[in-house]
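Residue strings, one per chain:
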Amino acid sequence: MSPTLEKLRRAFTGLVPRALDAELTVSAAANLRVKALLVESEDAHGSEYVSDRNKRRAFVSGFTGSAGTALVTTDKALLWTDGRYFLQAEQELSAEWTLMRQAQKDVPTVEEWLEAHLEAGDALAIDPLLTSVATARKLVKALGNVKAGVVVCEYQKNLVDQVWADQPPQALSDVYALSNEYTGASVADKLAALRTEIAKKGAGAMVLTALDDIAWLFNIRGSDVACNPVVTAYALVTSDAATLFMDAKELTPALLAHFGSDVQVQGYAAIVSAIEAYAASSTAGLVLVDPAQCNVAVFSAIPVALRKELPSLVMKQKAIKNEAEIEGMRQAHIRDGAALVKFFSWLEEQLAAGNETLTEVSVARVQQAFREEMDKFVSLSFETISGAGPNGAIIHYDPKEETCAAVTAAHMYLNDSGAQYLDGTTDVTRTVHFGTPSAHEVHCFTHVLKAHIALATAVFPNECDGVKLDALTRAPLWRAGLDYRHGTGHGVGAFLNVHEKGVLMSFKLNPTGLLISENMIVSNEPGYYEDGQFGIRIENLMVAKKASGLPTTYGQFCVFETITMCPIQRRLINTALLTADELAWLNAYHATVRTKLAPLLVGAPLAYLLKETEPLSA
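Quick caveat: nothing in here was measured; it's all calculated off a predicted structure. (Residues numbered from 1 in each chain as written. Predicted model: local features only at pLDDT ≥ 70, side-chain atom pairs only at ≥ 80, totals over all residues. Heavy atoms only, no water.)

S.K.: Could you clarify how one ought to interpret the overall build of the protein chain in this entry?
M.R.: When its secondary structure is counted, the protein chain shows 19 helices and 30 strands. Its C-alpha atoms give the protein chain a radius of gyration of 25 Å, near enough to 25 Å, the size a compact globule of 618 residues would have. In terms of overall dimensions, the protein chain has a C-alpha envelope of 75 × 55 × 50 Å along the principal axes. Counting over 618 residues, the protein chain shows a buried share of 59%. Counting contacts in the protein chain only where the partners sit at least 6 residues apart, residues at least 24 apart contribute 70% of the total. Within the structure as shown, the protein chain displays about 24100 Å² of accessible surface, and the carbon and sulfur contribution to it stands at 54%. With 53 positive and 71 negative side-chain charges, the protein chain shows a spacing of 3 Å between the two charge centroids. (Helix = DSSP H or I, 4+ residues; strand = E, 2+ residues; numbered from the N terminus. Rg over C-alpha atoms; globule rule 2.2 N^0.38 Å. Buried < 20%, exposed > 50% of the residue type's maximum accessible area, 1.4 Å probe, protein only. Contact = heavy atoms within 4.5 Å. Areas by Shrake-Rupley, 256 points an atom, 1.4 Å probe, with all protein chains shown as cover. Lys, Arg positive; Asp, Glu negative; His and termini not counted. Charge placed at Lys NZ, Arg CZ, Asp CG, Glu CD.)

S.K.: Honestly, the packing of aromatic side chains in this entry has me stumped. Any pointers?
M.R.: Within a pair of aromatic rings, the relevant descriptors are the distance that separates the centres and the angle that separates the planes. In the structure shown here, the tally under the stated rule is nine aromatic pairs. Ring plane angle 75 degrees and centroid distance 5.9 Å describe the contact between Phe377 and Tyr421, whose orientation is recorded as edge-to-face. Taken as a pair, Phe377 in strand S17 (residues 377-380) and Tyr421 in strand S20 (residues 419-421) lie far apart in primary sequence, 44 residues in all. Measuring from ring centre to ring centre gives 5.2 Å for Trp585 and Tyr589, while their planes differ by 5 degrees; the resulting arrangement is stacked. (Phe/Tyr/Trp six-rings, centres within 6.5 Å; stacked < 30°, edge-to-face > 60°.)

S.K.: Would you mind showing me how to read the UniProt feature "domain: Peptidase M24 C-terminal" (unreviewed entry) in the protein chain here?
M.R.: Taking the numbering used here, the UniProt-annotated feature "domain: Peptidase M24 C-terminal" (unreviewed entry) corresponds to residues 556-616. From the first C-alpha to the last, residues 556-616 spans 34 Å; its make-up is 46% helix and 10% strand. (UniProt positions renumbered as here; feature names shortened; annotations may be inferred.)

S.K.: Is there a simple way to explain the nonpolar core in this structure?
M.R.: When a protein is soluble and globular, its nonpolar side chains tend to lie buried together. Judged by nonpolar contacts, the single largest core of 85 residues is most densely connected at Leu347, Phe460, Leu469, Ile516 and Phe560. For this core, the element with the most residues is helix H14 (residues 323-352), which contributes eleven residues. With residues near it in sequence (within four places) discarded, Phe560 still touches Leu455, Ala456, Ala458, Phe460, Leu469, Ile516, Val522, Met542, Val543 and Ala544. If you look at the next biggest cluster of nonpolar residues, it comprises 47 residues, including Val152, Tyr268, Val296 and Ala297. (Core = buried A, V, L, I, M, F, W, Y, C linked by side-chain atoms within 4.5 Å.)

S.K.: Just checking my understanding: could you explain helix H19 (residues 603-612) for this structure?
M.R.: Here H19 has its buried residues at Pro605, Tyr608, Leu609 and Glu612. Take H19 and look down its axis: the buried residues cluster within an arc of 100 degrees, on one side only. Where the residues of H19 are buried, they touch H14 and helix H18 (580-597). (Arc of directions from axis to C-beta.)

S.K.: Hey, could you run me through the sheet that holds S20 in this one?
M.R.: The strands that make up a sheet are held in pairs by hydrogen bonds between backbone atoms, and each pair lies either parallel or antiparallel. Taken in spatial order, the three strands of this open sheet run S17-S20-S21, and their pairing is antiparallel. The open sheet has two free edges, formed respectively by S17 and strand S21 (424-425), since each of these has just one partner strand. With three bridges connecting them, S17 and S20 associate as antiparallel partners. Its bridge partner lying in S20, Leu380 is registered against Ala419. (Pairing = 2+ DSSP bridges.)

S.K.: Would you explain the UniProt feature "domain: Peptidase M24" (unreviewed entry) in the protein chain in this entry?
M.R.: The sites that UniProt annotates as "domain: Peptidase M24" (unreviewed entry) are residues 327-544. This span, residues 327-544, is 33% helix and 24% strand, and a straight line between its end C-alpha atoms measures 13 Å.

S.K.: So what exactly am I meant to see when it comes to the side chain of Asp427 here?
M.R.: Here Asp427 is to be found in the loop between S21 and strand S22 (428-432). Although Asp427 lies buried, it forms no salt bridge, and the closest oppositely charged side chain, Arg537, sits 7.1 Å away as judged by the N-O distance. Of note is the side chain of Asp427, whose polar atom sits 3.2 Å from the side chain of His490. Look past the residues within four positions of Asp427 in its chain and what remains in contact with it is His333, Phe382, Asp416, Ser417, Gly418, His490, Val498, Glu539, Leu541 and Thr564. (Salt bridge = Lys/Arg side-chain N within 4 Å of Asp/Glu carboxyl O. Polar contact = N/O pair within 3.5 Å; in protein donor to acceptor, adjacent residues only side chain to side chain.)

S.K.: How should the side chain of Arg335 be read in this particular structure?
M.R.: Position of Arg335 relative to the elements: it lies in helix H14. In this structure Arg335 comes out as buried when scored by relative accessible area, which is 13%. Excluding residues that lie within four positions of it along the chain, Arg335 makes contacts with Met374, Asp375, Lys376, Tyr421, Asp423 and Leu600.

This is the structure in structure tokens:
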């Protein structure tokens with residue numbers, strides 16, 4: 001048994017039980033025996049990507065993927081994750097752990113497993129700061145079915161933190177203001193629009209917990225989470241005040257001037273007392289809160305009578321970009337495309353020259369260096385997925401210096417990468433082969449391309465459910481007996497999170513109910529993966545735009561404008577498998593890429609661009 005698991009088991013079995021009821025209020029429960037501990041991936045703000053200090057699930061399990069839930073019982077350790085991470089989890093989990101493959105046949109959910117294995121009088125322990133209201137409710141309901149319970153550890157005394165000897169410290173936030181040049185709207189304008197929506201919902205206030213919602217609303221950025229320019233904060237917006245709760249390294253004169261009289265700043269830990277003070281005031285109205293994003297501790301500070309639960313209003317406002325944000329994203333992708341062409345040109349040259357020292361990690365570093373040369377570069381937007389040969393089949397592969405594979409001309413190479421620029425966020429995947437791909441690899445790649453084009457050329461009603469566009473994308477792959485174990489597209493922030501919560505095109509219904517709408521920016525990333533062989537993914541970002549010249553009596557329709565500018569490798573395409581319309585789209589896309597990027601390139605990168613964007617014929 002690992003020392004970490006042994007210490008955790010001692011810690012949770014020694015808890016003084018304080019149980020959650022159906023209203024998520026806490027009361028003493030001496031009759032409960034704590035038999036399990038839930039360790040989730042998220043931080044107190046429901047973030048997908050978290051700071052090093054908050055990587056508790058990775059510390060406990062050894063699994064480093066961004067999505068997963070660990071459950072430790074008195075005699076078992078289980079890890080749930082989705083299809084993007086099955087192969088990675090198999091490699092990273094020790095023999096003590098059981099991998100639970102989410103959404104696979106006969107694999108129970110966490111709630112179902114607990115209901116089947118805990119008995120009356122048993123309890124599951126959670127941290128009320130790290131478990132969302134929605135998750136807690138499902139757990140309370142499931143365990144209530146067998147007369148078991150959910151108990152909470154003491155506020156701000158996480159059990160994993162108690163056994164994590166070298167846990168990174170909590171750092172102060174380095175906060176800066178983002179100018180209206182990039183945001184397209186002032187803080188005052190955004191607050192006014194939000195207050196209008198709050199009033200429409202019959203409420204007097206709103207609690208914000210999602211870090212990207214807060215960064216967007218207050219036009220601030222930071223570096224508290226690697227690759228995500230966010231600040232660790234809460235916010236409370238009422239009809240006449242807006243308060244940010246954060247521990248800033250420095251409230252600079254420029255930052256205070258940016259906030260002016262519109263925004264007050266308090267310490268991060270003051271959020272609970274501030275909510276309680278508002279609720280006790282004579283002017284208190286209903287408080288809007290998103291149960292999918294708000295943690296139990298903050299939610300519990302709102303009196304039951306004042307709670308009004310809705311998906312975050314800011315989520316939708318943030319997802320629908322204004323013209324400044326859209327144009328900034330376009331420009332960022334042009335510069336990013338130039339960096340990508342320089343990288344792929346360099347990689348082709350190195351492999352042609354017989355360089356045998358290239359690894360998945362070393363080439364990713366070179367790619368980052370090309371991006372760092374670009375104007376307005378801030379950071380990567382996520383850790384680069386650099387997968388050669390079989391590693392390309394690990395959908396969210398994370399190469400390590402000590403164990404990474406060589407990049408050679410003998411295998412497929414999948415590169416999924418992106419950057420943060422002051423004016424936009426990029427996320428692009430290209431799969432290449434600098435040798436002689438097999439007929440099967442070309443067949444599979446071309447069908448992924450057909451799927452990609454199907455979405456890129458879609459015409460759809462404004463406010464369309466993402467699950468419909470997902471099926472439309474998969475159709476060309478299904479006809480060839482192919483598929484992939486991840487969603488087709490996600491939202492992307494404007495110099496914000498590369499995975500923008502709430503915007504989704506997937507085989508699963510979007511739990512937020514947010515529909516694909518005009519001026520949203522989304523990814524288009526179908527793929528195909530053969531375990532132990534290769535992986536293929538083609539990803540561009542697109543903005544949904546109003547369809548023009550379309551006679552209809554069914555309201556507004558939309559089309560997609562592709563904003564990623566990077567060639568799709570010609571040698572992997574069998575044009576005989578493309579329809580005339582698909583070939584026309586590909587040639588038109590490459591013509592646009594050539595026009596946009598050529599002025600930024602010289603020498604070998606320019607020659608590479610011209611070669612890879614030559615028109616193809618059937």
